[in-house]
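Listed here are the chains, written in short residue letters.
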Amino acid sequence: MLRRLKISRLSTRCCSNFVSRMRYVSRLKEDDSACAAALQNAHMFLFHRLDPLLQRCQQGTFSPVTLRTTDVQLILERLGSNRTLLQESVLIGSSEQNQLQFCLDLGELDQAAVEQECGGRFMNLRKAFFLLPEPAAPLVAKGQALLRWHQTSGFCSATGEPTRRNQAGSQRVCSSSGITYYPKMSPVVIILVSDGKRCLLGRQSSFPQGMYSALAGFCDLAGGSEGQEAARSECGVICIRHHCELLKGASQLKSAMTDLSVYLSVSLGALQVRPWRRL
């Protein structure tokens, strides 16, 4: 009974800490002055044209280079850059130790010079993602997504006028109409196709050697594609392509394309993708 009480108290304390951190981050998104003050004692993740700055660990994995804002200021000064570049930092969140985390893209500076100053290397996130530890991977991916959104959302889609960001980088406002824009997420599906003993994996030519992935793709909302339909589409195309590569001769291919039925039984959490239609 005492052990259960201790576990319950620990769980409550962790939950309370999480809620407090989220409330603090939300307040910074609404208060530019408070966010600017908090930026001075924050941790910074650097990017160069959306490639994160990483360093190799002893285990053969990578970890993001984490710098304090004061360190980044000194680096910018040594590289001859204006310290106002720090105002382009974007708030990512807060760590479990209540340390605020920001990201900043230094694409206008020389890449090799920044790497030498920081003791890391800018790497393509697609290639390095699976070599990052679990807590760091989503953090770096979120930072990259936010920076990309700011780089592609400088103008209002309704008026064509420039948009202004708030200090935290959580929104942009049209200078003419006052329309507010927020970062968007593109829905995707990822599917593990298995016959019970084996899994069907795929790879792109841009993948590092030996890297494979479960089948995945974006949901085509314009075409009315939902999660279930997107799963059918991605799996169906791959399965058909793989089947046709094994066939020899035009007549055999024609016969296969007429008779082939693709059957999938894929679990997406609570979503079941049923057998696909006959082609």
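Below is a short write-up of the structure. (Residues numbered from 1 in each chain as written. Predicted model: local features only at pLDDT ≥ 70, side-chain atom pairs only at ≥ 80, totals over all residues. Heavy atoms only, no water.)

1. Points about the pattern of salt bridges
Working step 1: Per the stated rule, a full pass over the model turns up 2 salt bridges.
Working step 2: Note that R78 and E117 form a salt bridge whose closest N and O atoms lie 2.9 Å from each other. Remark: E117 occurs in helix α4 (residues 111-118) and R78 occurs in helix α3 (residues 69-78); sequence separation between them is 39 residues.
Working step 3: Classification of R78 as exposed rests on a relative accessible area of 54%.
Working step 4: R198 is paired through a salt bridge with D195; the nearest N and O atoms lie 2.8 Å apart.
Working step 5: Take R198: its relative accessible area is 61%, and that puts it in the exposed class.
Working step 6: Under the relative-accessibility criterion, D195 is labelled partly exposed at 49%. (Salt bridge = Lys/Arg side-chain N within 4 Å of Asp/Glu carboxyl O. Helix = DSSP H or I, 4+ residues; strand = E, 2+ residues; numbered from the N terminus. Buried < 20%, exposed > 50% of the residue type's maximum accessible area, 1.4 Å probe, protein only.)

2. Description of the environment of S186
Working step 1: With respect to the helices and strands, S186 occurs in the loop between β10 (180-181) and β11 (188-191).
Working step 2: What makes S186 exposed here is its relative accessible area of 53%.
Working step 3: In this structure the C-alpha to C-alpha distance between S186 and D220, which are 34 residues apart in sequence, comes to 9.5 Å.

Remember that the coordinates give geometry; whether it matters functionally is a separate question.
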